[in-house]
Each structure stands twice: as structure tokens, then as C-alpha cells.
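# Remarks on the overall topology
Residue-level listing of the chains:
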Amino acid sequence: MAASAPGKLILFGEHAVVFGEPALCTAINLRAEVFVRPYKEWRADGGSIDEPRYRYVKRAVEKAKAREPMWIEVRSMVPSGAGLGSSAAVTVATLGALHGIAGALDAPTIAREAFEVEHEVQGRASPLDTSTATAGGALLVLREPREDLLWTIERDTRRWCLHRARLPDLEFVIGNTGISAATGPLVAKVKDRVERDPHAAEKVREIGRITLDGLAALRRRDLVEAGRLMDRDHALLTDLGVGHPMLDRLVAAARPSSYGAKLTGAGGGGSIVALTDRPEETAETIRAAGGKAFVVRPDSVGVTKQP
Ligand code: PMV
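So, here is what we can say about the structure in this document. Worth saying up front: this structure is predicted, and the values here are computed from it rather than measured. (Residues numbered from 1 in each chain as written. Predicted model: local features only at pLDDT ≥ 70, side-chain atom pairs only at ≥ 80, totals over all residues. Heavy atoms only, no water.)

Another point: the environment of Gln306. Its location among the elements puts Gln306 in the segment after β12 (304-305). Judged by relative accessible area, which is 29%, Gln306 ranks as partly exposed. Sequence separation between Gln306 and Met1 is 305 residues; the distance between their C-alpha atoms is 6.6 Å. Those residues within four positions of Gln306 in sequence are excluded, and the remaining contacts are Met1, Ala2, Ala3, Ser4 and Glu33. (Helix = DSSP H or I, 4+ residues; strand = E, 2+ residues; numbered from the N terminus. Buried < 20%, exposed > 50% of the residue type's maximum accessible area, 1.4 Å probe, protein only. Contact = heavy atoms within 4.5 Å.)

Written out as C-alpha cells, the structure is:
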């Protein structure tokens, strides 16, 4: 049995989503695949499942309550530490393969279990990555349920209502700085600023408005407006303290051949995303500026069984 799940890209709303503002995320056509086969003991890629790099896989195995031991193989196209949801894709694909043995996949169950796995392994998490890896396509996170609700996830005092969003076919270029930055301290930094400074709180609310305006612009294929909003979002995120000189460098390199570009994910390093209809040219300028670049497209397919 095998299953695959996609990586993700946050288009608008990172950090502001922590304060209950909306966020827009899309699955991308970089996928993780996980194969499982009964074996006399648990193995991950031939070695021990207790190795730290298999902590998401191991937690997923515990969640799925597998009855017999398995030999697990993990293959992932999603670069890790780039803010592209690699751990979520591997977690969701592992749950998909293990549940797939017993029958059909139940997306809301997998989304919830995968969120719990990330939460337990990382100490904190939003369900954005895991729900996108499960559902595929584009997702809009809102505080309140509305039309097109997929599922709601709650933990402690927080609630996320995950909705299906529809985007036209688009191309994005990712520029990875190669600098990895932990999400937790960056989220804490923004929280501290927002609590101390009303201007920072206003910036968070503006990001929320940008997310909804950005979704509307993308849906009517107004890429000029969507790009302008991405540029503004990048400036606001930088003001909130989650920028990095290398992110600014890659954004500046991407912009001449793009509609817009911004950091994506937690920031402090990680990646940028550029909206462009000249992807090869944008990728080339990002590489010339010292980043790793790849062209991605939204992927409408979420977790899938591959017998
Ligand atoms: O780098 P990522 O994909 O884990 O981005 C995290 C997104 C944040 O909004 C910064 C944090 C969160 O929990 O939503």
C-alpha cells in the first residue's frame, strides 16, 4: 500500500492567521510518497523508526493505531526547512498509507490526526499545512465557518475553519534562501510586537484584508492587483519583524519579471513566492541572486491511495 500527499504554499495571511485573520494556502505539485508493507518489525527506509528524522512518521504510526509492524519507505520531492510543508506532506501520506490498508480514506480524520502529529512533534502548529496536504487545492482559513467549509479544527482556545477556495491555473516560482528558521520564535516575536504596539496590531489586520482582496484578485485573474498585494504583504511582514536581508534580495530579484513577490511561511529565512507568467526567467534571476528556485503549480489532488 502507498499514499501520496502534496506540499503547500501560503499565498497570503501567514502570521496574521495566528491572530484569527484569514489565510490562503494552496497545495503544490511537489509531493511526498509513503509506501508501507507488513514486516516482522517496524522499519523506516530500512533503518530504525526511532531516528529523529522519522519522528513525524513514528507519531503518525501511533495515531493510526496500526495493528501489525510495517516496513515504511518515504520519498519526498518537498524540500525540508523551506516553509513548503514537507513534514505535513510526509505525515499525511504516512497516515494515508496506513489507513489505506483498512479501506477508503476519510479526509477529515486524516487532517485532524496529522494536525495532532505536528502539534505533538513541534509543540505548536497551525492546521494549515496538514489540512492542505490532506485536501489538496486551495484552502481559505477563517475564524468562523462559512460556505464551502471543509472541516473545523480546534485546540486549546484556538479554532480554525478550513474552507475550499478555488483558484485559476497559475504558476509560481519559489525562491529558497537556504536559511532555515524555526517558526516558533518568529510567531512569538510577532505576538510580542502586537501586544506592545497598536501599529503592529493594525498591520496584522491589514494582512487580513489583503488576504481576502488577494483571493478575489486571483479569482478574477487580476494578476497585477494580486501581485501588488503580495508586495504590500511582504512589506508588512517585514515590518512585523519576520523578514531577512536574503528574503529581500530574492524578492527584489524576482520582481522585474513578476507581478509580485513575498516571503511565504514563517519567514526569518525560508522561501519567497513570486507570481509570474515568465517562470523560467524569474527562476533564473532568483538563482543569480543566490537562491534555489523551482517552478510550482497548484495541485488539486490531496492525499491519495496508490495500491
Ligand atoms: O513556515 P510554515 O509553513 O510553518 O508557516 C507558518 C505559518 C505561521 O502563520 C507563521 C504560523 C502558524 O502557525 O500559522
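The local shell around the ligand holds 14 residues, among which Lys8, His15, Arg124, Ser126 and Ala266 are the closest. One nitrogen or oxygen atom from the main chain of His15 is found 2.8 Å from an oxygen atom belonging to the ligand. Within the backbone of Ala266, an N or O atom sits 3.1 Å from an oxygen atom of the ligand. In isolation the ligand offers 380 Å² of accessible surface; the protein chains occlude 90% of this area. Taken together, the elements giving at least two residues each to the shell around the ligand come down to β1 (2-12) and α5 (183-196). Residues of the shell around the ligand, tallied by class, amount to five nonpolar, five polar and four charged. (Near = heavy atom within 4 Å. Polar contact = N/O pair within 3.5 Å; in protein donor to acceptor, adjacent residues only side chain to side chain. Areas by Shrake-Rupley, 256 points an atom, 1.4 Å probe, with all protein chains shown as cover. Nonpolar A, V, L, I, M, F, W, Y, C, P; charged D, E, K, R; others polar.)

One way to put it is that helix α1 (residues 55-64) packs onto helix α3 (residues 107-122) with a least axis distance of 9 Å and a crossing angle of 130°. The angle between the axes of α1 and α3 places the two elements in the oblique class. For the element pair α1 and α3, the recorded crossing hand is right-handed. Residues Arg55, Tyr56, Arg59, Ala60, Lys63 and Ala64 of α1 touch α3, and the partners they reach there are Glu113, Glu116, Val117, Glu118, Glu120, Val121 and Gln122. Partitioning the contact of α1 with α3 into residue classes produces five nonpolar, one polar and seven charged. (Axes fitted to C-alpha atoms, helices over the stretch in contact; angles between N-to-C directions. Parallel < 35°, antiparallel > 145°, perpendicular 65-115°, else oblique. Left-handed = near helix turned anticlockwise from the far one by under 90°.)

Taking 1.5 Å per residue as the helical rise, helix α7 (residues 223-239) with its 17 residues ought to reach 24 Å, and the 24 Å between its terminal C-alpha atoms agrees with that figure. Along α7, the positions that sit buried rather than exposed are Leu223, Ala226, Gly227, Leu229, Met230, Asp233, His234, Leu236 and Leu237. Those residues of α7 hidden inside the fold are in contact with β1, α6 (198-219), α8 (245-254), β9 (260-264) and β10 (271-275). One or two residues past the end of α7 sits Gly241, with phi positive at roughly 100°. (Expected span 1.5 Å × (residues − 1).)

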